[in-house]
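# Per-entry structural report
Chain by chain, the residues run as shown.
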There are 2 protein chains.
Amino acid sequence: MRSMYFIIALILFQTHLPDGFSQANDSLLIRRIYTEALSKPVAYHNLDYLCNKIGGRLCGSSQAEKAVQWTQKVLNGMGLDTVYLQPVMVGHWERGEKETGRVVSVKAGNHNLNICAIGGSVPTPAQGLSAGIVEVKNFEDLKILGREKIEGNVVFFNREADPTPIYTFNSYGGSVDQRARGAMHAARYGAVAVIVRSATPAHDNYPHTGNQHYADSVKAIPAFCVSTNDADSLSEWLKSDPKLNVFLQASCILYPDTISYNVIGEIRGSVHPEEIIAVGGHLDSWDIGQGAHDDGAGVVQTIEVLRLFKALNFRPKHTIRVVAFMDEEYGQRGAKVYADESKRLAETGKQKHIAAIEADRGGSSPQGFSIDASDEEMKIVSSWKELFKPYEIWFFEKGGSGVDIRELKSQGALLIALVTDSQRYFDYHHSANDTFDKVNVRELELGAAAMAGLVSLIDRTW
Amino acid sequence: MRSMYFIIALILFQTHLPDGFSQANDSLLIRRIYTEALSKPVAYHNLDYLCNKIGGRLCGSSQAEKAVQWTQKVLNGMGLDTVYLQPVMVGHWERGEKETGRVVSVKAGNHNLNICAIGGSVPTPAQGLSAGIVEVKNFEDLKILGREKIEGNVVFFNREADPTPIYTFNSYGGSVDQRARGAMHAARYGAVAVIVRSATPAHDNYPHTGNQHYADSVKAIPAFCVSTNDADSLSEWLKSDPKLNVFLQASCILYPDTISYNVIGEIRGSVHPEEIIAVGGHLDSWDIGQGAHDDGAGVVQTIEVLRLFKALNFRPKHTIRVVAFMDEEYGQRGAKVYADESKRLAETGKQKHIAAIEADRGGSSPQGFSIDASDEEMKIVSSWKELFKPYEIWFFEKGGSGVDIRELKSQGALLIALVTDSQRYFDYHHSANDTFDKVNVRELELGAAAMAGLVSLIDRTW
């Protein structure tokens, strides 16, 4: 009898889970994952360091370099089987010291604007530029106004982000074209610069930056984003004085491309070491905040997945890999290098991604997973819903994954994005407001635990 | 043909919904509710006023009186059919001017403590009191230590709130006994005062107050709560100097009971005006914060339910009533008066509650509803799940409702609590940290819209 108890105890408490392990034990493992994450919030302390000791870390910057070194050090301290850097050539743009926007008007008064250069913007002339303003809502308006009304002026894109979508990424998606391609389109009509309403449904005083695209065929003109509150004010001032002038100055500098790195760590699979389940976020961030929600959170959460497995002595069958991607914000070259290299290894049969999870939607409460998968795979993943219900994880829907992992689809990998509560995300996104204090320790750790739970189930099932 | 289009248009856009109205039109109405709430965040602006212009409003205080007047004015401005005050006699306790806690120790050093009196505490002697400290984890520890070790000392209850429950109210519930009954139990062993670790899983510098109960049979001793960070420090200091002294001072005053009010407003039912669907939160709050999440949010959200119906010209069959309850925090006498009065009306057949929804779990993202109902009723309410899915409302479970409405069960009313994301709630709860800036406009309005949607479905179905 005693040996039977021993065997039962062994089954209940063993940490290397064999195939066909029961739902009850999945449930037990997931509970242990959550208990560890909520009791020892290591991800949160890591985020504190990344945000408060390193700060904003645009690719190519010295902070990005520090973040690479720090991430490697953290992974080295975790007792992983492999930790390495994957070199990536990245762009290196800096906004420089001067960044000014000022309305000058006898009728409407003089006002400083909360603006900042959009990522990759060319500088203004060193002494700044002064011009009139033409307000538009979209690219169609440019066509209607024509070169006659636009040439020599600053185009002010002021279409509001629609507040009514429930998932705020849809609100963002419906307004971000102004930031991403506004300068390019306005330049075709002879605009000297653009000011773009920040792509957020929030009403605040922060300019929210981001990337943009110039076209080779048109002149690159300086591009600024302005806070939504100041966009509203500017529109009012323009009504009282349509001929008001704006002074703009930005001393952006584009340096030569430079070397940076994706940072990678692994727990080697006990049965299929050549089969990879990757989890990752992006290590770079915009320069004007601390990159706490975007995407320090995703980086520390995906590192936490591996920490939780080590802490619980969970030995996966497949290799579990964390990737801290470089350069998601500026050029997405880290994702490209990672995809190209893993495609090469897949073609030679050496390695293959069976799944990848991206965490890049902020560190708020996790809701579930957006899953890029076949109907058959969806059926399997959806069958795990009940296991996650006690953890307030309810969203299991087909959908996109993320820009850092989507190219892995060619290997047949199951691709997943961690979906989090989006309501506050664009209060922070790409602004000076994206700081550590906006992240809640429990919400952050719950996201890490949800991913760890999911990875454990994929590992057992695939 | 044209008249047919007209009829179809009439069916699609009419706002007074008849019985048997289709799921498609429920869906349309709910979409309109959400669009209105997210486009015109009136609840949020109301909360701004309540928090920033009136502030903390403990029952019996002049601020509570101001809040009553303001709420009545807001309701009067909404074009409701009825607005009135329901008198409630309430207790009137104030913490007074002096509130000090200081550790005095040669070995451990002198340290000020972040403390505040627990609601209803008796004062210390005017000149304060000094005593040694005995640390315990629970009431059982008191028994073990006995009068010999406790008499003449301050008892320090320092059991941590368990961080591992996912729903933080369970964490709170497991630790709040120390605050609610600590002074009563410690006094039985001759303690001169108690210091209680704040009932929150958060690690912060805020003392989180709340109510407590003295027993007639034992001496009422002064009771303080201390921030969780200082509780950790105090425990450390006690280890280095078990004989350290603490100086405590509180000048709490218990005034005579005074008159206050529940504030009530109604849209009269077009078919069954005598049948009430009530929605409500509590207008009073603790004094040391602004009562933003607890429960300014619930008050402005439930007012918003009626505003949304008016804005959309939705004419309910049943009377929709908002109740801003007085005195939830201190003595729950507003709930008692409301329940007694409505029971009396129900017994005379004049009025009957068919449903009541309480919003008192903070203004964070709504997740769904905790429902105190029969199996048959649960089946009906659960059948609405799909309608709420696009709005990230997924939780429909049997459970408790809330202290302000639970007595309405005797009328056979369907009782419901709005369930919100609980992760941050106890960062704010009953502390100086419960301020307007901690509430997100979208999260708040989504909660109001979720309740309005639910009320519209109950109104159509019941």
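Residues numbered from 1 in each chain as written. Chains lettered and ligands numbered in written order. Predicted model: local features only at pLDDT ≥ 70, side-chain atom pairs only at ≥ 80, totals over all residues. Heavy atoms only, no water.

### Here we look at empty space enclosed by the protein
Evaluated as defined, the whole model comprises six cavities of 30 Å³ or more. The space that makes up the largest cavity amounts to roughly 180 Å³. For the lining of the largest cavity, the secondary structure elements donating two or more residues are strand S14 (366-372) of chain A together with strand S14 (366-372) of chain B. By residue class, the composition of the lining of the largest cavity is nine nonpolar, six polar and four charged. (1 Å grid on protein atoms, 1.4 Å probe; cavity = no way out; pocket = protein on both sides within 12 Å on 5 of 7 lines; lining within 4 Å. Points joined across faces, edges and corners; volume = space filled by probe spheres on them. Helix = DSSP H or I, 4+ residues; strand = E, 2+ residues; numbered from the N terminus. Nonpolar A, V, L, I, M, F, W, Y, C, P; charged D, E, K, R; others polar.)

### Describing the side chain of A:Glu36
Positionally, A:Glu36 belongs in helix H2 (residues 23-39). Contacts of A:Glu36, omitting those with residues within four sequence positions, involve A:Arg307, A:Leu308, A:Ala311 and A:Leu312. (Contact = heavy atoms within 4.5 Å.)

### What to know about the sheet that holds S14(B)
All names here are of chain B. With mixed pairing, the eight strands of this open sheet are ordered in space as S1-S10-S12-S11-S13-S16-S14-S15. The strands lining the two open edges of the sheet, one partner per strand, are strand S1 (82-94) and strand S15 (395-398). Here the strands of the sheet are splayed against their neighbours by 20 degrees on average, with no regard to which way each runs. Strand direction decides the pairing type here: strand S11 (residues 272-282) and strand S13 (residues 352-358), joined by six bridges, are parallel. Directly across from Ile-277, in S13, lies its bridge partner Ala-355. Contacts between helix H10 (residues 333-347) and the sheet are confined to S1, strand S10 (253-267), S11, strand S12 (318-325) and S13, with S1 contributing the most and set at about 140 degrees to the helix. Where helix H11 (residues 375-382) meets the sheet, its contacts fall on S14, S15 and strand S16 (414-420), and the angle it forms with S15 comes to roughly 180 degrees. (Pairing = 2+ DSSP bridges. Axes fitted to C-alpha atoms, helices over the stretch in contact; angles between N-to-C directions.)

### Some thoughts on the interface of chain A and chain B
Across the boundary between the two partners, chain A contributes 29 residues, which contact 29 residues of chain B. Here chain A meets chain B over a buried area of about 2,800 Å², counting both sides, of which 46% is carbon and sulfur. Counting the contacts that link chain A with chain B gives four salt bridges. The salt bridge partner of A:Lys389 is B:Glu397, with a shortest N-O separation of 3.3 Å. Applying the counting rule to chain A against chain B returns 22 residue pairs in polar contact (both at pLDDT 80 or more). (Buried area = accessible area lost by both parts, 1.4 Å probe. Salt bridge = Lys/Arg side-chain N within 4 Å of Asp/Glu carboxyl O. Polar contact = N/O pair within 3.5 Å; in protein donor to acceptor, adjacent residues only side chain to side chain.)

### Digging into the pattern of salt bridges
Scanning the model with the defined rule gives 42 salt bridges over all chains in all. A salt bridge links A:Asp257 to A:Arg333; the shortest N-O distance between them is 3.1 Å. Residue A:Asp257 is found in strand S10 (residues 253-267), and its partner A:Arg333 is found in helix H10 (residues 333-347); the two are separated by 76 residues along the sequence. A residue is classified by how much of its surface remains accessible, and A:Asp257, at 42% relative accessible area, is partly exposed. In this structure, the salt-bridge partner of B:Arg321 is B:Glu266, at a minimum N-O distance of 2.7 Å. Taken together, the positions of B:Arg321 in strand S12 and B:Glu266 in strand S10 put the pair 55 residues apart, joining distant regions of the chain. (Buried < 20%, exposed > 50% of the residue type's maximum accessible area, 1.4 Å probe, protein only.)

### Digging into the relation of the copies chain A and chain B
Of the two same-sequence chains, chain A is brought onto chain B (RMSD 0.0 Å, axial shift 0.0 Å) by a rotation of 180 degrees. In short, the pair behaves as if placed about a two-fold rotation axis. Residue A:Trp394, judged by its C-alpha, is the member of chain A lying nearest the rotation axis, at 3.6 Å. When the interface residues of chain A are mapped onto chain B, 100% of them again lie at the interface, so the same face is used by both copies. (Least-squares fit on C-alpha atoms with pLDDT ≥ 70 in both.)

### Considerations on the sheet that holds S14(A)
Residue and element names in this part refer to chain A. Strand order in this open sheet of eight strands is S1-S10-S12-S11-S13-S16-S14-S15, and the pairing throughout is mixed. Every other strand in the sheet has two partners, leaving strand S1 (82-94) and strand S15 (395-398) as the edge strands with one partner each. Between one strand axis and the next, the sheet turns by 20 degrees as a mean value, whatever way the strands run. Summarising the sheet, S14 and S15 pair through four bridges and their orientation is parallel. Within the sheet, the bridge partner assigned to Phe-369 lies in S15 and is Phe-396. Packing of helix H9 (residues 292-311) onto the sheet brings it into contact with S10, strand S11 (272-282), strand S12 (318-325) and strand S16 (414-420), and relative to S11 it is tilted by some 145 degrees.

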